[in-house]
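Descriptive structure summary
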Amino acid sequence: MNATLIRHAVHIAAILGLYLSLAMLVPAMVDLYFGHPDWQIFAVSAFMVGGLSAATFMATRMGPPPFSKKFGFVLVNLLWAVFSVVGAIPLWLSSLKLDFAQALFESVSAITTTGSTVIVGLDDAPPGLLVWRSLLCWLGGIGIVVLGLFIIPYLRVGGMSFFKMESSDTSDKPFARLASFSRAFLLIYVSITVLCTVAYNMAGMNRFDAINHAMSTVATGGFSTHDASFAYFGSIPLLWTATFFMALCSLPFSILIVLVVRGRLDALRDPQIIVFLGYLSAFSIAVAIYHRLTNGVEFHLALAHSFFNITSILSTSGFASEDYSLWGPFVVMVAFIATFMGGCSGSTAGGIKAYRFVVLFNAIRSGLNKLIYPNAIYAVRYGNNTVDADTQRAIFLFFTTYILLWVLGSLGMGALGYDFITATSAVITCLSNVGPGLGSLIGPAGNFSTLQDPELYLLSLMMLLGRLEVLTVLVILTPIFWKH
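Computed from a predicted model, the values in this text were never measured in an experiment.

Residue-level pLDDT values for the protein chain average 88, and 92% of them are 70 or greater. Counted against residues more than four places away or in other chains, residues 165-176, with its pLDDT under 50, gives 43 contacts.

What follows concerns the packing of aromatic side chains. With the rule as written, the count across this model stands at 25 aromatic pairs. Considering the side-chain rings of tyrosine 279 and phenylalanine 283, the 6.4 Å spacing of their centres and the 35 degrees angle between planes classify their relative orientation as tilted. With tyrosine 279 and phenylalanine 283 both in helix H11 (residues 271-295) and four residues apart, the pair spans about one turn of that helix. By relative accessible area, tyrosine 279 is classed as buried at 10%. Here a set of aromatic residues connected by ring pairs shows up, and it is made of Tyr200, Phe230, Tyr232, Phe233, Phe308 and Phe319. Sitting above the plane of the phenylalanine 481 ring, lysine 70 keeps its charged end 5.5 Å from the centroid. The ring of phenylalanine 398 has arginine 356 sitting right over it, with the charged end atom 3.6 Å from the ring centre.

Where a protein is soluble and globular, its nonpolar side chains tend to be buried together. Ranked by internal contacts, the top residues of the largest apolar core, which has 121 residues, are Ile192, Tyr200, Phe230, Phe253, Leu431, Phe448 and Leu459. Counting residues per element, this core draws most heavily on helix H6 (residues 127-155), at 13 residues. If we skip the residues at most four places from it in the chain, tyrosine 200 touches Met205, Ala210, His213, Ala214, Thr217, Phe230, Leu238, Thr241 and Ala242. By size, the runner-up hydrophobic cluster in this structure holds nine residues, among which are Tyr355, Val359, Ala363 and Val380.

If you add up the space inside the largest pocket, you get close to 780 Å³. As for the largest pocket, its lining consists of 22 residues, and the residues nearest its centre are Leu16, Leu79, Ile142, Gly143 and Val146. At the level of elements, helix H1 (2-23), helix H4 (69-93), H6 and helix H7 (178-202) are the ones that each hand at least two residues to the lining of the largest pocket. Considering each element in turn, the lining of the largest pocket owes the most residues, seven residues, to H6. When its residues are assigned to classes, the lining of the largest pocket shows 20 nonpolar, two polar and no charged. Along the walls of the second largest pocket sit 23 residues, with Thr117, Asp227, Pro444, Gly446 and Asn447 positioned nearest its centre. Residue composition of the lining of the second largest pocket, by class: nine nonpolar, twelve polar and two charged.

Over the atoms, a rolling probe the size of a water molecule traces out where space has been left empty. Counted by the stated rule, this structure contains three cavities of 30 Å³ or more. Lining the second largest cavity, in full, are Ile313, Tyr324, Ala335, Thr339, Ser425, Ile428, Thr429, Val434, Pro436, Gly437 and Leu438. The set of elements that each furnish at least two residues to the lining of the second largest cavity consists of helix H13 (329-341) and helix H16 (420-431). Residue contributions to the lining of the second largest cavity peak at three residues, all from H16. In terms of residue class, the lining of the second largest cavity is built from seven nonpolar, four polar and no charged.

Rules behind the numbers
- Residues numbered from 1 in each chain as written.
- Predicted model: local features only at pLDDT ≥ 70, side-chain atom pairs only at ≥ 80, totals over all residues.
- Heavy atoms only, no water.
- pLDDT = per-residue confidence, 0-100.
- Contact = heavy atoms within 4.5 Å.
- Phe/Tyr/Trp six-rings, centres within 6.5 Å; stacked < 30°, edge-to-face > 60°.
- Helix = DSSP H or I, 4+ residues; strand = E, 2+ residues; numbered from the N terminus.
- Buried < 20%, exposed > 50% of the residue type's maximum accessible area, 1.4 Å probe, protein only.
- Lys NZ or Arg CZ within 6 Å of the ring centre and 35° of its normal.
- Core = buried A, V, L, I, M, F, W, Y, C linked by side-chain atoms within 4.5 Å.
- 1 Å grid on protein atoms, 1.4 Å probe; cavity = no way out; pocket = protein on both sides within 12 Å on 5 of 7 lines; lining within 4 Å.
- Points joined across faces, edges and corners; volume = space filled by probe spheres on them.
- Nonpolar A, V, L, I, M, F, W, Y, C, P; charged D, E, K, R; others polar.

In structure tokens:
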């Protein structure tokens, strides 16, 4: 039974490999256009991956797979493993001379839309490689939304069963058929990318930078074509433009589809949207006021940089306009807390996510009320809906496991010789798929290039765990999963 299940999963993974081999032709053509010899690397990689994928596809052909929870868990993990390794191949073979651990870290960072990087000298990097990083981010964003809307909820992982075919009212499906929903999502995703590209271009970016940053922004990935990220441009209009699109893509795409296609403004009443925009605004305004009073920065500049950087952290994009760790200890603490929080379910953002905080808050309030009136019945609610006990347990399990992994990962980084700030922030920024950490090494003014292979493998695992909602990966490591 397990062998048949794995064979079906490998067959589908081979299809993903074929698509990725075709995607490699895009950066190959970009390098060829700019006259960079790395076009051959992408062409050879596309041929190798395409040939191996085609052979695997033919060798594993069977009837249609019977979908089950077990098959879903295996398929999700295998697809993201294949995505990670295939994405790393041209990075590993490129003229940048990355070792495999670095190439894999960069690939995982891209497809999980984390935005952490080991590459120094992005301003002079091969144009095709820059496009490949951005394209991996953009494709990863599609995979994340599909995962969050169609797969993870049905696997009942981390309380996301509450958002099957996600809408602010789960009994009101946005569309009757999955195919219609998928087409609408792709249309919205591509349209936002085009609008973001045009907006960046009009705000001062050249077309190459605009395309790359737009793909990375919409995927909340944070990869830039410059080492200095948005600080390279020194443009306040660009900061506000990026802030808008990062915040927009942190909202549930199902809600955006319902809003755009059906014109239903009531979809915006989803509690997680209100909570997310609430703590984004509160953090940003508080940091702006602190920055103005402490460092004497003009308030309109403090507000622009504050909203940009806080939105970048909460949306888990990972862009930076300044080294905000130099603004003061209050800002460092806000940035650290924001790294855990994330955006909304069904978006490309990572982190714990706003809807879990809504349920956790209501569950704690209900528990406190029962201490006073033990015989009373207090329902835990999410908007107008009652959250069942299974969903509550799943959310508490996710939250507990999330914090435990952060602690264990931080201990691992400490054992490898890193200080408290670097160790703890590196693990949480990867687990939450945010991008930059804190400290001089991996902070907003640094990157992950100084880390050695063991640390990179550990943090690559953390990125995948965070992106796959933690429990999706851990469940296949349990012996009971493989019985029968």
